[in-house]
Amino acid sequence: MRIYSRILGTGSYLPENRLTNADLADQLAQQGVETSDDWIVERTGIRARHFAADSQGCSDLATEAARKALAAAGISADELDLIIVGTSTPDMVFPSVATMVQHKLGTAGCPAFDVQAVCSGFIYALTIADSMIQSGSAKRALVIGSEVFSRILDFKDRTTCVLFGDGAGAVVLEAADQPGILATDLHADGKYKDILCVPGHVNRGGILGDPVLKMDGQAVFKLAVGVLEETARASLAKANLTDADIDWLIPHQANIRIMQSTAKKLKMSADKVVVTVDQHGNTSAASIPLALDTAVRDGRIQRGQTLMLEGVGGGFTWGSVLLRY
Ligand code: UT7
């Protein structure tokens, strides 16, 4: 009999420090950087974001989200046999955030590792966990997207620093005899590395290159709109479903205009798109599980509904997961 994976519970965490566009604009003005609530809302749909406290690392946010997902799933950390974290902003070069989360949850023994696919990180991590469950090598997986992008922003570059926020989202996946995850689709094209990157790296005891986010926003925008439609259609085709079967579209939360455009291409009305970018900004690998958990907890997403999760990010990487919740 074929084994599927299904979502048992979701959780998320946002740091306490919430900055509205006006708060951020005031702070930036003190450094001579000019922006406004009007510009940010009009171009991106973002109204606020959360920034982690200095004392909080990526693994702290991830652990908070994980605890909530485990509670929602009704299982303990000891029952997990796989932990995967999607992140580009780990606490350290190594060990992985996943091993730190494992320890903070008070468990040990199961495999734990990170996946680096930037804003597609959660989609990549979920797909790997699904494959491991389907193959029988795991029964209960914790899959997390967690980021502290505030640590890699250049607060003198108004074209990027107003866009991102910190946060974490998590799901517990369990083996099941019914789907669950219906189809997955992953892609990458490394020729686009320069349009979205953090070029600095640790080298011989120092940092070589600029360790802050660089983005050609318009190039990213154009690519994102195209690949998000393609990957959604690829997952639908694999599952023998059509646009009309999707109850909720949960795209990477980068820019409301990209999300609206994707929804239009998939012939979905705007009220079927889960939008959290207004309140969270772009939280990279955390954005999709944060949006998912938000809509599960406010009651929009119901058991039995069909969800299209899709992400796009640096690399370039992109992909989708179609699932029955
Ligand atoms: O998670 C990874 C995925 N990332 C994304 O999906 C990002 C995709 N790209 C975007 O969302 C958009 O391209 C941006 C929001 C980044 C930029 O929007 P845009 O409509 O492409 O604006 P633009 O870059 O063409 O800039 C328009 C103007 C420029 O001024 P001039 O040259 O026309 O005088 C910018 O200097 O807006 C100016 N500008 C700002 N003004 C006030 C850029 N940033 C700001 C700012 N505040 N924060």
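Residues numbered from 1 in each chain as written. Predicted model: local features only at pLDDT ≥ 70, side-chain atom pairs only at ≥ 80, totals over all residues. Heavy atoms only, no water.

S.K.: What is the right way to read the site of the ligand from this model?
M.R.: What surrounds the ligand is a group of 22 residues, the closest being Thr35, Arg158, Gln218, Asn255 and Asn282. At 2.9 Å, a backbone N or O of Arg158 approaches a nitrogen atom of the ligand. Within the contact set of the ligand, a nitrogen atom lies 3.0 Å away from a backbone nitrogen or oxygen of Gly217. Protein contact buries 74% of the 960 Å² of open area that the ligand shows by itself. Of all the secondary-structure elements, those providing two or more residues to the shell around the ligand are helix H2 (37–44), helix H6 (158–161), helix H7 (217–238) and helix H8 (256–265). The element that contributes the greatest number of residues to the shell around the ligand is H7, accounting for four residues. The residue makeup of the shell around the ligand, split by class, is 10 nonpolar, eight polar and four charged. (Near = heavy atom within 4 Å. Polar contact = N/O pair within 3.5 Å; in protein donor to acceptor, adjacent residues only side chain to side chain. Areas by Shrake-Rupley, 256 points an atom, 1.4 Å probe, with all protein chains shown as cover. Helix = DSSP H or I, 4+ residues; strand = E, 2+ residues; numbered from the N terminus. Nonpolar A, V, L, I, M, F, W, Y, C, P; charged D, E, K, R; others polar.)

S.K.: Explanation requested: the packing of aromatic side chains in the structure shown.
M.R.: For any two aromatic rings, the description comes down to two numbers: the centre-to-centre distance and the angle of the planes. Counted by the stated rule, this structure contains three aromatic pairs. Look at Phe149 and Phe164: their rings are 5.2 Å apart centre to centre, the planes differ by 25 degrees, and that puts the pair in the stacked class. In this pair, Phe149 sits in the loop between strand S6 (140–148) and H6 while Phe164 sits in the loop between H6 and strand S7 (166–176), placing the two residues 15 residues apart along the sequence. Note on accessibility: Phe149 and Phe164 belong to one class, buried. Here Lys272 stacks its cationic end above the ring of Trp248, 4.9 Å away from the centre of that ring. The ring of Tyr325 has Arg303 sitting right over it, with the charged end atom 3.9 Å from the ring centre. (Phe/Tyr/Trp six-rings, centres within 6.5 Å; stacked < 30°, edge-to-face > 60°. Buried < 20%, exposed > 50% of the residue type's maximum accessible area, 1.4 Å probe, protein only. Lys NZ or Arg CZ within 6 Å of the ring centre and 35° of its normal.)

S.K.: Even after reading the chapter, I still don't get the environment of Met100, so can you show me in this structure?
M.R.: By the element assignment, Met100 lies in helix H4 (residues 97–104). Separated by 201 residues in the primary sequence, Met100 and Ile301 have C-alpha atoms spaced 31 Å apart. In this structure Met100 touches Ser59, Asp91, Met92 and Pro95, once residues within four positions along its chain are discounted. (Contact = heavy atoms within 4.5 Å.)

S.K.: Can you help me understand helix H10 (residues 287–297) in this one?
M.R.: Counting buried residues in H10 gives nine out of 11 residues, a clear majority hidden from the surface. Looking at H10, one finds that the buried residues are Ser287, Ile288, Pro289, Leu290, Ala291, Leu292, Asp293, Ala295 and Val296. One or two steps after H10, the chain reaches Gly299, where phi turns positive at roughly 90 degrees.

S.K.: Which parts of the structure should I look at to understand the pattern of salt bridges?
M.R.: Where side chains of opposite charge bring their charged atoms close, a pairing between them can arise. Taken as a whole and assessed by the stated rule, the structure comprises 13 salt bridges. Asp60 is the partner of Lys104 in a salt bridge, and the nearest nitrogen-oxygen pair spans 2.8 Å. Remark: Asp60 occurs in helix H3 (residues 58–73) and Lys104 occurs in helix H4; sequence separation between them is 44 residues. Since its relative accessible area comes to 32%, Lys104 is described here as partly exposed. (Salt bridge = Lys/Arg side-chain N within 4 Å of Asp/Glu carboxyl O.)

S.K.: Please clarify how the side chain of Asp166 should be interpreted in this entry.
M.R.: Along the chain, the position of Asp166 falls in strand S7. Within the buried set, Asp166 has no salt-bridge partner at all; the shortest N-O distance to an opposite charge, 5.6 Å, is to Arg151. A distance of 2.7 Å separates a polar atom in the side chain of Asp166 from the backbone nitrogen of Ala52. For Asp166, the contacting residues outside a window of four places in its chain are Leu14, Pro15, His50, Phe51, Ala52, Leu61, Glu147, Val148, Phe149, Ser150 and Thr283. (Lys, Arg positive; Asp, Glu negative; His and termini not counted.)

S.K.: Just checking my understanding: could you explain the sheet that holds S6 for this structure?
M.R.: Hydrogen bonding along the main chain pairs the strands of a sheet, whether they run parallel or antiparallel. The five strands lie next to each other as S1-S7-S6-S4-S5, forming an open sheet whose pairing is mixed. At either margin of the open sheet sits one strand with a lone partner, and together these are strand S1 (4–13) and strand S5 (112–115). Across the sheet, the axes of successive neighbouring strands diverge by a mean angle of 20 degrees, strand direction being ignored. Judged from the five bridges that link them, strand S4 (residues 82–86) and S6 form a sheet pairing that is parallel. Of the residues in S6, the one forming a bridge with Ile83 is Leu142. Contacts from H3 reach S1, S6 and S7 within the one sheet, and its direction differs from that of S1 by about 125 degrees. (Pairing = 2+ DSSP bridges. Axes fitted to C-alpha atoms, helices over the stretch in contact; angles between N-to-C directions.)

S.K.: How should unusual backbone geometry be read in this particular structure?
M.R.: The phi angle of most residues is negative, glycine excepted, and most peptide bonds adopt the trans form. For the bond from Phe94 to Pro95, the omega torsion is 5 degrees, close enough to zero to count as cis. Locating Pro95 in the fold gives a position in the loop between S4 and H4. A cis amide bond links Pro179 with the next residue in sequence, Gly180, at an omega value of 5 degrees. The residue Gly180 is located in the loop between S7 and strand S8 (181–188) in this model. Positioned with a positive phi, Val118 is a non-glycine residue whose angle comes to about 50 degrees. Of note, Val118 is situated in the loop between S5 and helix H5 (121–134). Overall, the relative accessible area of 16% leaves Val118 in the buried class. Within the chain, Asn240 stands out as a residue other than glycine whose phi angle is a positive 60 degrees.

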